[in-house]
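Secondary and tertiary structure notes
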Amino acid sequence: MFKNAIVRTPCPEMINGLSSVTLGKPDYSKAMDQHARYVDALRNCGLEVKVLEADSRFPDSTFVEDVALCTPHCAIITNPGAPSRNREKLEMKPVLQTYYKQVESIKTPGILDAGDVMMVGQHFYIGISERTNVEGAEQLIGILEKYGMTGSKVPLQKMLHLKSGLSYLEQNKLLVTGEFIHHPAFNSFHRIEVDPDESYAANSLWVNSTVLVPAGFPNTREKIEQAGYHTLSLDVSEFQKLDGGLSCLSLRF
Ligand code: CIR
């Protein structure tokens, strides 16, 4: 169960955030509204939510998930792989020091976005992507092992981040799409397949027995409900325009 979440209010400059999709620019006031509902949903799932101020220097800074990994034993400040995002990490360190005694860091030449890291109990799957290199992943595995946890590397073919195509829903259940459906690393999970036309919904979010699902993907929501979960649908269309999803908008621990 998670107790805390950290989010950052989107800044007006988010309209110039990084994007690989052609869905147009986000509408800032709509994004603010969607973000407020997201925070309400986390609070309704029982989390104490800390809302950090918007930071105009970093258009993508609302996607806090990428700059830190929060484990049960320590927090790890990452070294984000996109140059325009790298210094977001400096803002997160003092925040996490108020929650954790142990705050570690990934260092250059290692790069790592925590959107590439999926926690399954004490084990962490680490995607090797354009944002996360082998050196970053190996540094992370070294840190995890120091605290009695483990990690393994998963090279990505097409996805931006590991969790763009995978969400762990606890109870050994894994939401999967695209290149991960038949990936041997995930054979032992009970896999819930997301159809190609709903692939964005593979980034859904388990929060204390509720699964948050992006609005507009009814087949995926139904599959998750059939697997026995209570779901809550949230519109995050303005963040989708920047390749961001439900998990990217918070740190949960
Ligand atoms: C980026 O490209 O970094 C942002 N526009 C989106 C980050 C999404 N984060 C995530 O999947 N964890």
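Residues numbered from 1 in each chain as written. Predicted model: local features only at pLDDT ≥ 70, side-chain atom pairs only at ≥ 80, totals over all residues. Heavy atoms only, no water.

Observations concerning the sheet that holds strand β8 (residues 150-155)
Judged by pairing direction, the sheet is mixed, and its 3 strands sit side by side in the order β6-β7-β8 without closing on themselves. For this open sheet the edge positions go to β6 (117-120) and β8, each flanked by a neighbour on one side alone. If you compare each strand with its neighbour and ignore which way they point, the axes differ by 20° on average. With 4 bridges connecting them, β6 and strand β7 (residues 123-128) associate as antiparallel partners. Across the sheet, V117 pairs through a bridge with I126, a residue of β7. Against the sheet, helix α3 (residues 134-146) contacts β6, β7 and β8, and its axis sits at roughly 165° relative to β8. (Pairing = 2+ DSSP bridges. Helix = DSSP H or I, 4+ residues; strand = E, 2+ residues; numbered from the N terminus. Axes fitted to C-alpha atoms, helices over the stretch in contact; angles between N-to-C directions. Contact = heavy atoms within 4.5 Å.)

A closer look at the pattern of salt bridges
Under the defined criterion, the tally for this structure stands at 14 salt bridges. A salt bridge links R85 to E88; the shortest N-O distance between them is 2.8 Å. Neither residue differs from the other here; R85 and E88 are each classed as buried. Linking E238 and K241 is a salt bridge whose minimum nitrogen-to-oxygen distance equals 2.8 Å. A relative accessible area of 17% places K241 in the buried class. If you follow the salt bridges from partner to partner, you end up with K30, E238 and K241 in one network. (Salt bridge = Lys/Arg side-chain N within 4 Å of Asp/Glu carboxyl O. Buried < 20%, exposed > 50% of the residue type's maximum accessible area, 1.4 Å probe, protein only.)

Quick word on the site of the ligand
Residues in close proximity to the ligand total 13 residues, the closest being L18, D60, R85, L242 and C248. Between the ligand and the protein, one listed contact pairs an oxygen atom with a side-chain N or O atom of R85 at 2.8 Å. If you map the ligand onto the pockets, it falls in the second largest cavity. Here the shell around the ligand is composed, by residue class, of 4 nonpolar, 3 polar and 6 charged. (Near = heavy atom within 4 Å. Polar contact = N/O pair within 3.5 Å; in protein donor to acceptor, adjacent residues only side chain to side chain. 1 Å grid on protein atoms, 1.4 Å probe; cavity = no way out; pocket = protein on both sides within 12 Å on 5 of 7 lines; lining within 4 Å. Sits in = over half its atoms within 2 Å of the grid points. Nonpolar A, V, L, I, M, F, W, Y, C, P; charged D, E, K, R; others polar.)

What to know about the sheet that holds strand β11 (residues 190-193)
Reading across the sheet, the 3 strands line up as β9-β10-β11 and stay open at both edges, with mixed pairing between neighbours. Lying at the two open borders of the sheet, with one neighbouring strand each, are β9 (166-168) and β11. Adjacent strand axes in the sheet meet at a mean angle of 25° when their direction is disregarded. Inspection of the sheet shows strand β10 (residues 173-176) paired to β11 by 4 bridges, in the parallel sense. Pairing of L174 across the sheet is with R191, part of β11.

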